[in-house]
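Residue-level listing of the chains:
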Amino acid sequence: MFKIEKNFLDWIEKNLTVIVFVLGNIVSLLIRYVFKDIVSGDYTRFLEGWYNQIYEGGGIASLREQVGNYNFLYQICIAIMTYFPIKPLYAYKILSILFDYLLAIAVAVVVGIVSSDNKKNNALIAYFVVLFSPIVILNSSAWAQCDSIYVFWVIIAVIFLFKEKYFLTFIFIGMSFSFKLQAVFILPFFLLIYFVNKKFSIFNFVIIPLTMLITGLPVLLFGRSVFDIFLIYSDQTNRYTKVAMNYPSFWSILFNVNSTDYYNSQKFAAVFLTIVVLAVIMIWWIANNVELNNQNMVYLAFTLSYTCVLFLPQMHERYGYLYEILAIILVMINRKTIKLIIPLYIITLITYGNFLFGLGYGIDIYIGIANIFVWFSYMNLISKEVIKSSEK
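Residues numbered from 1 in each chain as written. Predicted model: local features only at pLDDT ≥ 70, side-chain atom pairs only at ≥ 80, totals over all residues. Heavy atoms only, no water.

A. Quick look at the nonpolar core. Formed by 134 residues in total, the largest nonpolar core has its most connected members in Tyr 92, Phe 189 and Tyr 378. Here this core takes 15 residues from helix H5 (residues 88-114), the largest share from any one element. For Tyr 92, the contacting residues outside a window of four places in its chain are Tyr 43, Leu 47, Trp 50, Tyr 51, Tyr 70, Tyr 74, Ile 78 and Ala 144. (Core = buried A, V, L, I, M, F, W, Y, C linked by side-chain atoms within 4.5 Å. Buried < 20%, exposed > 50% of the residue type's maximum accessible area, 1.4 Å probe, protein only. Helix = DSSP H or I, 4+ residues; strand = E, 2+ residues; numbered from the N terminus. Contact = heavy atoms within 4.5 Å.)

B. A look at the environment of Tyr 352. In this fold, Tyr 352 is placed in helix H17 (residues 338-357). Tyr 352 gets classed as buried once you look at its relative accessible area, which sits at 0%. Here the alpha-carbon distance between Tyr 352 and Thr 82, two residues 270 residues apart in the chain, equals 28 Å. Tyr 352 has contacts with Ile 135, Leu 138, Asn 139, Trp 143, Glu 317, Arg 318, Tyr 321 and Phe 357, leaving out every residue within four places of it along the chain.

C. Structural detail: the pattern of salt bridges. One pass over the structure, following the stated rule, counts 7 salt bridges. Linking Lys 199 and Glu 164 is a salt bridge whose minimum nitrogen-to-oxygen distance equals 2.8 Å. Of this pair, Lys 199 sits in the loop between helix H10 (187-197) and helix H11 (207-215) while Glu 164 sits in the loop between helix H8 (147-162) and helix H9 (166-179), and the two are 35 residues apart along the sequence. (Salt bridge = Lys/Arg side-chain N within 4 Å of Asp/Glu carboxyl O.)

D. Up close: H17. For H17, spanning 20 residues, the distance from its first C-alpha to its last is 27 Å, which sits close to the expected 28 Å at 1.5 Å a residue. Among all positions of H17, only Leu 340, Ile 341, Leu 344, Tyr 345, Ile 347, Thr 348, Thr 351, Tyr 352, Gly 353 and Leu 356 are buried. (Expected span 1.5 Å × (residues − 1).)

Listed below in structure tokens is the structure:
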């Protein structure tokens, strides 16, 4: 072997982690580039028109009026994007893809905190699992949706919860709510932490709407009402009139996803059942004196957010994004969950494929049953793990 050849191989071996990191990021970007021109139904029906309305309204000047169902902070972000000479489709995707990478970093930090050994390697693996997750890739680069943004802020909030920096924790939850109403799926988790840990006041929850108000100040300066920030989400909850929608929820085994029948009579019953199921899980957690260490808090955040989406009415196909990211962290905590994350992701990819590419799978009773089975299997596995960890 030539000396220069040996030196080159030695250099590769010495810098292997850096090389893998750089190449992995390049490949992940190239994969996203492949999807750059895919146009979803959501884009043609909603996003493109909303972007044009903001652009024609003068960018930032358009903030004086509500556009679509954007909340204030996301409307500000899109208004800023209109000043760049890029296609609206690419503007949406670039913004969301940026947060794909921020989300991957946040997940890596969480995994580094909760891992018992090989922290650095586990964090790096988690980073790339997020970046190469087909759900993450399709959501931002194909669908032009912003779920990575609100989930990023939730994961940051969890990091500061671990550090017991509660004021910052609730600021970041407020940031999440400033982008998406679906941040509500993490609230049961923080309510349980409040009841069990007793380390922060109930008034910390007030920080959430205050953060939403502060982030919305540029819009308020244009004369919009403070109440508009919250009415946007109220309008969203009343927009659809189906108990079961494109997500394979518990209700998809009882109601036709294309039917508006029974909505008015059953929506409150569905919400009530969700509250009961969440309460049962919380009471079980408390009754078994389960220790709320960092790992168990991830278990709990996953369980409660998954439960919310599975049992609440009006759930869309993308609403599982939060627990699907938390499921990646669970794999790094407990390799036994690998056998469950596979069907979990297959179920989601079926819904994505149906909506994005018209594959015609549909959301039928069998996919709903499969999702309930996966949820129950997670519950069973997690229950055993947290009890075992609390008995040590």
